[in-house]
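Listed here are the chains, written in short residue letters.
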Amino acid sequence: MFRSVFSVLLSRAAGLAGATAKCLFVAGAVAAATASTAQASPKYAGIVIDAKTGKVLYSEAPDELRYPASLTKMMTLYLTFEALEAGKIRKNTQVPVSKHAAGEPPSKLGVRPGSKLTVDQAIQALVTRSANDVATALGEFLGGSEDRFARMMTQKARALGMTRTVYRNAHGLPNTAQVTTARDQARLGLALRQHFPQYYDYFSTRSFRYGKQTIGNHNRLLGAVRGVDGIKTGYTRASGFNLVTSAQADGRSVVGVVIGGRSGGSRDQQMKKLIASYMPKASRRGSGNLIAETADAPTLTAGAAAKAVSANVASAAAAFDLPDNGPVPTYRYEETRIETAYAATSSGNAAGVVGKDALAATLRIQRQVATPQPAIEDVIEQGDADNSVDALTTSSTAAAASELSAQSGWVIQIGATPDRNQAQILLDNAKDRGGKALRGAQPFTVAVGEGNGQLYRARFAGFSGQDSAVNACKALKKKGFACWASQQ
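Position labels on residues start from 1 in each chain and follow its written sequence. Per-residue local features of the predicted model are confined to residues with pLDDT of at least 70, and side-chain atom pairs are confined, for both listing and counting, to 80 or more; whole-chain, interface and lining totals are unaffected and use all residues. Computation of side-chain values: all heavy atoms of the structure, hydrogens and water removed.

Participant: When you look at the side chain of T118 in this model, what are you seeing that I'm missing?
Facilitator: On the secondary structure map, T118 appears in strand β4 (residues 116-118). Setting aside chain neighbours within four positions, we find T118 in contact with K91, N92, T93, Q94 and V95. In this text, helices come from DSSP runs of H or I with a minimum length of four residues, and strands from runs of E with a minimum of two, each type numbered from the N-terminal end. Every residue pair with non-hydrogen atoms within 4.5 Å of one another is taken to be in contact.

Participant: It is not clear to me how the pairing of strand β14 (residues 455-461) should be interpreted in this structure. Could you clarify?
Facilitator: Along a regular strand, successive side chains alternate from one face of the sheet to the other. Whether a residue is buried, partly exposed or exposed follows from its accessible area with a 1.4 Å probe, protein chains only, as a fraction of its type maximum: under 20%, in between, or over 50%, in that order. With respect to burial, β14 is a largely interior element, 7 of its 7 residues being buried. A two-sided burial pattern is seen for β14, the buried positions comprising L455, R457, R459 and A461 on one face and Y456, A458 and F460 on the other. Any two strands with at least two DSSP-identified bridges between them are counted as paired. Where strand β13 (residues 442-448) and β14 come together, 7 bridges link them in antiparallel fashion. Across the sheet, residue F444 finds its bridge partner in β14, namely R459.

Participant: I would appreciate a short explanation of the packing of helix α2 (residues 72-85) against helix α6 (residues 146-159) in the present structure.
Facilitator: Comment: axis = line fitted to C-alpha atoms, over the contacting stretch for helices; angle = value between 0 and 180 degrees taken between N-to-C directions. Two elements in contact, α2 and α6, have axes whose closest approach is 10 Å; the angle formed by their N-to-C orientations is 90 degrees. Classed by the angle they form, the pair α2 and α6 counts as roughly perpendicular. Contacts between α2 and α6 involve T72, M75, T76, Y78, L79 and E82 from the former and F149, M152, M153, K156 and A157 from the latter. Taken together, the residues of the contact of α2 with α6 break down into 7 nonpolar, 2 polar and 2 charged. Our angle categories are set so that under 35 degrees counts as roughly parallel, over 145 as roughly antiparallel, 65 to 115 as roughly perpendicular, and the remainder as oblique. Asp, Glu, Lys and Arg are counted as charged, while Ala, Val, Leu, Ile, Met, Phe, Trp, Tyr, Cys and Pro are counted as nonpolar; the rest, among them Gly, fall into the polar class.

Participant: Explanation requested: the nonpolar core in the structure shown.
Facilitator: When a protein is soluble and globular, its nonpolar side chains tend to lie buried together. Grouping buried Ala, Val, Leu, Ile, Met, Phe, Trp, Tyr and Cys residues that are joined through side-chain atoms within 4.5 Å yields what is termed a nonpolar core. Within the largest apolar cluster, 65 residues are counted, with the highest numbers of intra-cluster contacts made by M75, Y78, F81, L109 and L188. For this core, the element with the highest residue contribution is α2, accounting for 8 residues. Sequence-distant contacts of Y78, defined by excluding residues within four places in its chain, comprise K156, L160, L188, A191, L192, H195 and F196.

Participant: Can you walk me through the pattern of salt bridges in this structure?
Facilitator: The salt bridge definition used is simple: a Lys or Arg side-chain nitrogen within 4 Å of an Asp or Glu carboxyl oxygen. Summed over all chains, the structure comprises 4 salt bridges. When the shortest N-O distance is used, the salt bridge between K156 and E82 registers 2.8 Å. Of this pair, K156 sits in helix α6 while E82 sits in helix α2, and the two are 74 residues apart along the sequence. Exposure class is identical for K156 and E82. Each is buried. R267 is the salt-bridge partner of D268, the closest N and O atoms lying 3.1 Å from each other.

In structure tokens, the structure reads:
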């Protein structure tokens with residue numbers, strides 16, 4: 001009898017232990033799946049903040065430096081809203097488009113040099129298409145120049161408590177000195193909601209018409225996830241797929257940030273999971289007054305802005321007025337490689353917009369006659385889709401590298417540009433960020449071509465062999481640089 005009862009108890013205990021083990025296994029698997037999603041990309045960083053209390057509900061590498069890409073336009077819009085509220089500009093104020101602004105790479109609205117659009121149209125172009133040409137036009141208009149506007153952006157970031165963010169342009173196209181963190185972007189998202197509720201509805205814009213174009217919003221979570229009301233997407237090759245999202249439901253409110261996603265789809269799925277997981281944990285109480293308002297940035301009034309832009313256009317005309325038919329670079333190694341600072345593109349429908357194949361086709365057309373570029377109906381934000389769009393590998397930070405004589409052995413190249421100073425600046429930035437891989441490397445530039453067709457290749461030499469050169473390229477690619485190795 002005792003032995004029978006003992007056997008039953010032992011059997012039940014074993015069953016409970018097995019069930020517990022299964023539960024632990026399932027819980028572990030769920031946790032591992034969540035972690036693997038978050039850490040699938042080495043560029044990943046994320047954060048979710050309770051928008052009413054400021055409590056951090058989730059974070060993963062929230063203070064690690066990342067590239068903002070088109071999240072940059074959130075600050076461009078912040079300063080635009082600030083100027084509107086201060087009465088410096090109105091929604092119907094005309095924003096002039098310089099040749100420099102019109103020449104920005106996609107995504108873009110397609111505005112022509114010398115044309116104008118209203119502040120209202122400019123805001124909608126940034127929110128929906130993430131138009132780089134319009135962002136530059138706004139920066140030049142409000143700041144007098146894009147450089148001055150970028151300095152104002154950085155100053156405003158500091159005033160808002162964004163301690164690690166630096167801006168160098170108004171659009172977010174690649175610049176190795178333009179960096180941010182997930183936490184800083186969350187603060188900016190909170191500030192936009194809190195300080196400008198009268199303009200915040202712009203971020204819910206699903207589409208708007210400009211001329212014959214109907215332009216949709218890149219934010220695929222609008223209308224797809226309950227409570228989502230904005231804010232902004234972004235992508236470059238160096239940054240990965242970025243997203244700042246605001247959501248409000250059932251008296252709760254959160255702002256989430258995902259940076260460095262491997263694709264637009266995986267980024268969106270990660271944000272959906274974060275909202276589903278942490279919205280129920282947000283508080284229904286709290287004022288939501290989390291970010292102190294600051295003194296207005298020294299943006300220009302409409303009249304002064306128009307004069308400043310006109311003066312800049314006039315003074316720059318001689319330096320930047322290029323012929324319609326541009327020079328055709330020579331090919332090297334194979335016909336499909338073009339010596340430019342563009343990184344390699346992946347296959348997909350984005351290849352028809354930019355990339356080496358599209359560039360080659362454009363150059364062939366330029367041999368004959370230059371024709372105006374038609375507006376593109378559905379241009380992807382710079383890479384803001386599963387099909388990547390080439391990211392320009394450029395920089396505008398200081399200091400020059402030494403130009404050396406021709407090198408032999410294994411070298412690496414990180415870009416080519418018509419401007420030698422830019423090539424040297426690119427080398428200097430790469431040297432600073434390359435770490436051990438470039439410790440003994442020697443930066444130098446090589447001029448190729450003549451006249452208007454001349455390019456300056458940015459290279460490093462001094463590698464012991466193929467392995468060290470390839471390893472250096474791998475290290476630089478992790479830092480967002482384009483790179484390839486070759487033997488001279």
